[in-house]
Amino acid sequence: MSGEPECVLRADAELGEGPVWLAEDDAVWFVDIKGKRIHRYEPVTGAAWSWAAPDQVGFIVPVRGGGWIAGLKTGLHRFDPRSGRFDLMATIEDPKLDNRLNDGFVDEKGRLWFGSMHDGEKNLTGALYRLDGAGLKRCDTGYCITNGPAMSPDGRTLYHTDTLLKTIYAFDVAANGELSNRRVFVRIEEGGGYPDGPAVDVEGCLWTGLFAGRHVRRYSPKGELIGKVEFPVANITKIAFGGDDLKTMYATTAWKGLSAKEREAQPLAGGLFRFEVDTPGLPQHQFAHA
């Protein structure tokens, strides 16, 4: 690894999440869940834009042919940045659960994987879902806070995070997307923070942000800790590879949960950060089943 993290956009996100590098756009897109906003940042010009969302927005992913899918508390929506319009595609769960959608990922086959979580962070009502040409499938249950997923370069292993249990799971992935053989990939030690959003590089190593951990970690495909990048803020929520060579890592952060004194000591909390890495990441895929 190389380079220290620098804050490139002081977004002041209460709960920044879900960075996405869109190559044809030369821009990073990300969300502020609690702030109910979608952000876009251009590294070359430094320009930034922001859109208000109608509810808490946990993730956005690009759609093949243009536009975005946004995961809101109320369900999956099509998002058009030209108009700022959100159109409901599907309600995923019963509103009585008080869940919200939290994190999402598109694999190389154009399938959308995403999770739900209890908005009050107490109940085990969250689940892992897959959306593809065959429809919506609930793949795993029993989570309070879901994060990820991410997938290995060969598409045969899916990683998914149970943040409160401080555990990253691995699943075997069949050709049709069916999951099996859930097992512990990594369990974060006491005092190490809470694993948040992951990304995978071309060597099959998994990177994860640590909420309340002040750093990002890199794990080998065998689950061995092989790298660490320290941050000047406590809450690193998710990371994404960007740039022409996919060797620039972007990281969202949050000031959620910080005291007034901690926020004063961490003026960059909630900002978008970047640092350089030696191993490129996997490209951002686009949802193909809209």
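In case you missed it, the structure is sitting above this.
Residues numbered from 1 in each chain as written. Predicted model: local features only at pLDDT ≥ 70, side-chain atom pairs only at ≥ 80, totals over all residues. Heavy atoms only, no water.

*Asks:* Got a minute to help me understand the environment of glycine 126 in this structure?
*Replies:* Tracing the chain through its elements places glycine 126 in strand β12 (residues 126-132). We classify glycine 126 as buried; its relative accessible area is 1%. In sequence terms glycine 126 and threonine 141 are 15 residues apart; their C-alpha atoms lie 6.2 Å from each other. Sequence-distant contacts of glycine 126, that is, excluding residues within four places in its chain, are made with Asn99, Ser116, Met117, Thr141, Gly142 and Tyr143. (Helix = DSSP H or I, 4+ residues; strand = E, 2+ residues; numbered from the N terminus. Buried < 20%, exposed > 50% of the residue type's maximum accessible area, 1.4 Å probe, protein only. Contact = heavy atoms within 4.5 Å.)

*Asks:* Is there a simple way to explain the pairing of strand β16 (residues 167-173) in this structure?
*Replies:* Residues in a regular strand point their side chains to alternate faces of the sheet. Of all the seven residues making up β16, six are buried; the element is thus mostly covered by neighbouring parts of the structure. With six bridges connecting them, strand β15 (residues 157-162) and β16 associate as antiparallel partners. Following the sheet pairing, tyrosine 159 is matched in β16 by alanine 170. As consecutive antiparallel partners, β15 and β16 are separated by four residues, and within that stretch lysine 166 has a phi angle of approximately 55°, a positive value. Judged from the six bridges that link them, β16 and strand β17 (residues 179-187) form a sheet pairing that is antiparallel. The residue of β17 that forms the bridge with aspartate 172 is serine 180. Remark: five residues form the turn of the hairpin made by β16 and β17, two consecutive strands paired antiparallel; glycine 177 in that turn has positive phi of roughly 95°. (Pairing = 2+ DSSP bridges.)

*Asks:* Would you take a moment to explain the state of the cysteines for this structure?
*Replies:* Cysteine pairs can be covalently joined through their sulfur atoms, and such a bond is termed a disulfide. The tally for this structure, following the rule as stated, stands at zero disulfides. Residue cysteine 139 stays outside any disulfide, its sulfur separated by 19 Å from that of cysteine 144, the closest cysteine. For cysteine 139, a relative accessible area of 22% puts it in the partly exposed group. Look at cysteine 144 and you get buried, because its relative accessible area is 2%. (Disulfide = S-S within 2.5 Å.)

*Asks:* Before we go on, may I ask you to explain the sheet that holds strand β8 (residues 75-80) in this structure?
*Replies:* Across a sheet, paired strands are connected by hydrogen bonds in the backbone, their directions being either parallel or antiparallel. Spatially, β6-β7-β8-β9 is the arrangement adopted by the four strands of the open sheet, whose pairing is antiparallel. Two strands in the sheet have a free side with no partner beyond their single neighbour: β6 (57-62) and β9 (85-90). This sheet shows a mean twist of 30° between the axes of neighbouring strands, independent of strand direction. Relative to β9, β8 runs antiparallel, the two sharing five bridges. Note that in β9 the partner of phenylalanine 79 across the bridge is phenylalanine 86. (Axes fitted to C-alpha atoms, helices over the stretch in contact; angles between N-to-C directions.)

*Asks:* How should the packing of aromatic side chains be read in this particular structure?
*Replies:* Aromatic rings considered in pairs are described by the distance between their centres and by the relative angle of their planes. Using the criterion set out here, one finds 12 aromatic pairs in the structure. An angle of 80° between the planes, with centres 5.9 Å apart, marks the rings of tryptophan 51 and phenylalanine 79 as edge-to-face. Of the two residues, tryptophan 51 sits in strand β5 (residues 48-52) while phenylalanine 79 sits in strand β8, which places them 28 residues apart along the sequence. You can call phenylalanine 79 buried: its relative accessible area is 2%. Taking the centre distance of 4.8 Å and the plane angle of 55° together, the rings of tyrosine 159 and phenylalanine 185 count as tilted. Remark: phenylalanine 185 occurs in strand β17 and tyrosine 159 occurs in strand β15; sequence separation between them is 26 residues. Accessibility assignment for this pair places tyrosine 159 and phenylalanine 185 in one class, buried. Stacked on the ring of tyrosine 169, the Lys or Arg arginine 182 has its end atom at 4.1 Å from the ring centre. Sitting above the plane of the tryptophan 255 ring, arginine 263 keeps its charged end 3.8 Å from the centroid. (Phe/Tyr/Trp six-rings, centres within 6.5 Å; stacked < 30°, edge-to-face > 60°. Lys NZ or Arg CZ within 6 Å of the ring centre and 35° of its normal.)

*Asks:* How should I be thinking about the pattern of salt bridges in this particular structure?
*Replies:* Where side chains of opposite charge bring their charged atoms close, a pairing between them can arise. As enumerated under the stated definition, the model contains 21 salt bridges in all. Measuring nitrogen to oxygen at the nearest pair gives 3.0 Å for the salt bridge that ties arginine 182 to aspartate 140. Here arginine 182 is found in strand β17, whereas its partner aspartate 140 is found in strand β13 (residues 135-143), with 42 residues between them in sequence. In this structure, a network of salt bridges that share partners links the residues Lys34, Lys73, Asp98, Arg100 and Asp119. (Salt bridge = Lys/Arg side-chain N within 4 Å of Asp/Glu carboxyl O.)

Any functional reading would require information that these geometric values do not contain.
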